[in-house]
Amino acid sequence: MTHDEMRDLCDGEVGVAIHTISIDPGMSGWITDKRSYLPPVKPGGVMRAFGVGEVTESKSDQFDVGEWVTGFTGVQTHGVYRAKNLRKIDTSLAPSNKFLSGLGMTGYTGYFGMSDLGRPKEGETVVVSAASGAVGSIAAQVAKGAGARVVGIAGGPKKCAYLLDELGLDKAIDYKAGNVGEALAQACPDEIDLYFDNVGGETLEAVLGLMKYRGRIVVCGGISQYGDFAGARGPANFMSVVTHSLTIRGYTMRDYMHRVPEALEWLVPAWKDGRLKMREHVVEGIENFPDAYEMIFRGENHGKLLLKVGDTR
């Protein structure tokens, strides 16, 4: 951890006191040289991260001191940013941390991936992996709201109980408790219409063997493969894509940034009236970033993992 003085602002810039940082599995991809949707973080640079904070200085007509913003703030307590790279948030609508979870990038990701790409229909069987996580929980609730029968996959009895008791899903599968393929076959006797994939690997392989003819797969992430981006491999039964005329579509939020207001129009009212549940797991202290980051890959967080580095509103 380093300690540097804040530099003076140039025209069009703002100084921000960061209050909360988002810890995301995608950070693994941001530090590799493998071709991706963003350039890699250079050695010695500030680690890329989404954050929320309060404007403390401004040389921009876009923001005033005291306003709250979100964007790629990096893992730091204070920073200077081009105003055009930040977005204003309204803390009268919700606490600032919500704009890093269900009302932030993870919420938008789950919402668009399920509603725009998955397009679940009433009565369909939808399976969501990492369903208790920040993105998966939103996607699962969007599918449930569309009238689908939703099966969530999560790790451990507490997370599975959350899927059933809090989110109202129809079935929950504990991938730590036994054979996922066998459990899926029992939970989905009429096969799977739509799969929202957050993990890849063996889970994707098991799902492919149970997909309905002309089924859809939306690929949001592949956390089981993040330890070796360069060596990541597809499922052994990939020919199911051909034999069952499956559609597979991957995406990132880069595809949807221009539609963020559309997501908020659904997410904010749904959260306020109780249709949408969000859960955060907060770790305090920027010095605990390395441990918090590792928590994701050990499956120890329950909900959107956030790192609190300042006073929050």
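Residues numbered from 1 in each chain as written. Predicted model: local features only at pLDDT ≥ 70, side-chain atom pairs only at ≥ 80, totals over all residues. Heavy atoms only, no water.

1. Looking at the sheet that holds strand β9 (residues 192–197)
The pairing of strands in a sheet happens through backbone hydrogen bonds and is either parallel or antiparallel.
Step number 1: The strand order across the open sheet formed by six strands is β8-β7-β6-β9-β10-β11, and the pairing between neighbours is parallel. Strand pairing shows two members of the sheet lacking a second neighbour, β8 (171–174) and β11 (247–250), which therefore form its edges. Within the sheet, the average angular offset between the axes of one strand and its neighbour, ignoring direction, is 15°.
Step number 2: Contacts from helix α4 (residues 157–165) reach β7 (149–154) and β8, with the element oriented near 170° to β8. (Pairing = 2+ DSSP bridges. Helix = DSSP H or I, 4+ residues; strand = E, 2+ residues; numbered from the N terminus. Axes fitted to C-alpha atoms, helices over the stretch in contact; angles between N-to-C directions. Contact = heavy atoms within 4.5 Å.)

2. Describing the pattern of salt bridges
Step number 1: Under the defined criterion, the tally for this structure stands at eleven salt bridges.
Step number 2: Note that Asp193 is salt-bridged to Lys212, the shortest N-O span being 3.3 Å. One end of the pair, Asp193, is in strand β9; the other, Lys212, is in strand β10 (residues 211–219), and 19 residues separate them in sequence.
Step number 3: For Asp193, a relative accessible area of 10% corresponds to the buried category.
Step number 4: Residue class for Lys212 comes out partly exposed when judged on its relative accessible area of 28%.
Step number 5: Glu262 is paired through a salt bridge with Arg259; the nearest N and O atoms lie 2.8 Å apart.
Step number 6: By relative accessible area, Glu262 is classed as partly exposed at 34%. (Salt bridge = Lys/Arg side-chain N within 4 Å of Asp/Glu carboxyl O. Buried < 20%, exposed > 50% of the residue type's maximum accessible area, 1.4 Å probe, protein only.)

3. Here we look at the pairing of strand β6 (residues 125–128)
Step number 1: Here β6 shows no split at all, with Thr125 and Val127 on one side and Val126 and Val128 on the other all buried.
Step number 2: Sheet topology places β6 next to β7; four bridges connect them, and they run parallel. Residue Val127 lies in a different strand from β7, and its bridge partner there is Val151.
Step number 3: Handedness of the β6-helix α3 (residues 134–145)-β7 crossover: right-handed.
Step number 4: Both β6 and β9 contribute to a ladder of three bridges, which runs parallel. If you follow Val128 over to β9, its bridge partner there is Phe196. (Right-handed = clockwise from strand over helix to strand, strands pointing away.)

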